[in-house]
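Chains, contacts and geometry: an overview
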Amino acid sequence: MYVVASDHGGFELKEAIVALLKERGLEHLDMGPINLDSVDYPDFGAKVAGAVSSGEADAGILICGTGIGMSIVANKFQQVRAALVHDSFTAQMAKEHNNANVLVLGGRILSVEQGVELVKIWLDTEYAGGRHQKRLDKIHQYEQEQIS
Ligand code: RB5
């Protein structure tokens, strides 16, 4: 299941991404906001990252103005690998090498069309595994050391 949220800076792109997930028949949950009113990105980032961290969701998508705030918040959560991507190469690598379970986009950087295209690339790319798994295991190990 995919969970999606934004702040006001990413609202328009969030709506288009929810429509894409619907169109593809992918199980998803829109975690808000429901309109363009100004909100605080940590509150919405935490909803998505919390759901991914707990295993309630398989993956998430977050959008704020730059994508920076959302990626900072999301990466505070255990088991979350949030990747802020700006172009087709970083969208592909985020899955292929980093197996990012949260994709982060900048709604004030990308057009709605560009943002949707990056989501498609991330969805359609497979994690390569192999040598990359050792690196993800190290991230997990450092995370465990931080909390023990
Ligand atoms: C909100 O104005 C803006 O700060 C937010 O959307 C985001 O860009 C934060 O990183």
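Criteria and thresholds
- Residues numbered from 1 in each chain as written.
- Predicted model: local features only at pLDDT ≥ 70, side-chain atom pairs only at ≥ 80, totals over all residues.
- Heavy atoms only, no water.
- Helix = DSSP H or I, 4+ residues; strand = E, 2+ residues; numbered from the N terminus.
- Rg over C-alpha atoms; globule rule 2.2 N^0.38 Å.
- Buried < 20%, exposed > 50% of the residue type's maximum accessible area, 1.4 Å probe, protein only.
- Contact = heavy atoms within 4.5 Å.
- Areas by Shrake-Rupley, 256 points an atom, 1.4 Å probe, with all protein chains shown as cover.
- Lys, Arg positive; Asp, Glu negative; His and termini not counted.
- Charge placed at Lys NZ, Arg CZ, Asp CG, Glu CD.
- Near = heavy atom within 4 Å.
- Polar contact = N/O pair within 3.5 Å; in protein donor to acceptor, adjacent residues only side chain to side chain.
- Salt bridge = Lys/Arg side-chain N within 4 Å of Asp/Glu carboxyl O.

1. Regarding the overall build of the protein chain
Each helix and strand counted, the protein chain has 6 helices and 5 strands in total. Element order for the protein chain, N to C, with α for helix and β for strand: β-α-β-α-β-α-β-α-β-α-α. Relative to the 2.2 N^0.38 estimate, which gives 15 Å for 148 residues, the radius of gyration of the protein chain is 14 Å and therefore close to what a compact globule would have. Burial status across the protein chain gives 45% buried among its 148 residues. Long-range pairs, those at least 24 residues apart, make up 67% of the contacts in the protein chain between residues at least 6 apart in sequence. For the protein chain, the computed accessible surface area is about 7700 Å², with 50% contributed by carbon and sulfur atoms. A gap of 7 Å separates the mean positions of the 13 positive and 20 negative side-chain charges of the protein chain.

2. Comments concerning the site of the ligand
Taken together, the residues surrounding the ligand are Asp 7, His 8, Tyr 41, Cys 64, Gly 65, Thr 66, Ile 68, Gly 69 and Arg 108. With respect to the ligand, the side chain of Asp 7 contributes an N or O atom lying 2.6 Å from an oxygen atom. With respect to the ligand, the backbone of Thr 66 contributes an N or O atom lying 2.9 Å from an oxygen atom. Relative to its unbound accessible surface of 300 Å², the ligand loses 71% to contact with the protein.

3. Thoughts on the side chain of Lys 95
With respect to the helices and strands, Lys 95 occurs in helix α4 (residues 88-96). This buried residue, Lys 95, is left without a salt bridge; Glu 126 holds the nearest opposite charge, at 7.0 Å.

4. Here's the deal with the side chain of His 132
Position of His 132 among the secondary structure elements: in helix α6 (residues 131-147). Here the side chain of His 132 touches His 97 through a polar contact of 3.5 Å, side chain to side chain. Once residues within four sequence positions are removed from consideration, His 132 is found in contact with Glu 96, His 97 and Tyr 127.

5. Concerning the pattern of salt bridges
Under the criterion given, the structure shown has 3 salt bridges. Between Lys 14 and Glu 15 there is a salt bridge, and its shortest N-O distance comes to 2.9 Å. In this structure Lys 14 comes out as buried when scored by relative accessible area, which is 0%. The partly exposed category is assigned to Glu 15, whose relative accessible area is 36%. Note that Asp 124 and Arg 24 form a salt bridge whose closest N and O atoms lie 2.8 Å from each other. A residue pair is termed long-range when its members are at least 10 positions apart, and Asp 124 in helix α5 (residues 112-124) and Arg 24 in the loop between α1 (11-23) and β2 (28-30) qualify at 100 residues. Judged by relative accessible area, which is 34%, Arg 24 ranks as partly exposed. One continuous salt-bridge network, built from bridges that share partners, spans Lys 14, Glu 15 and Asp 30.

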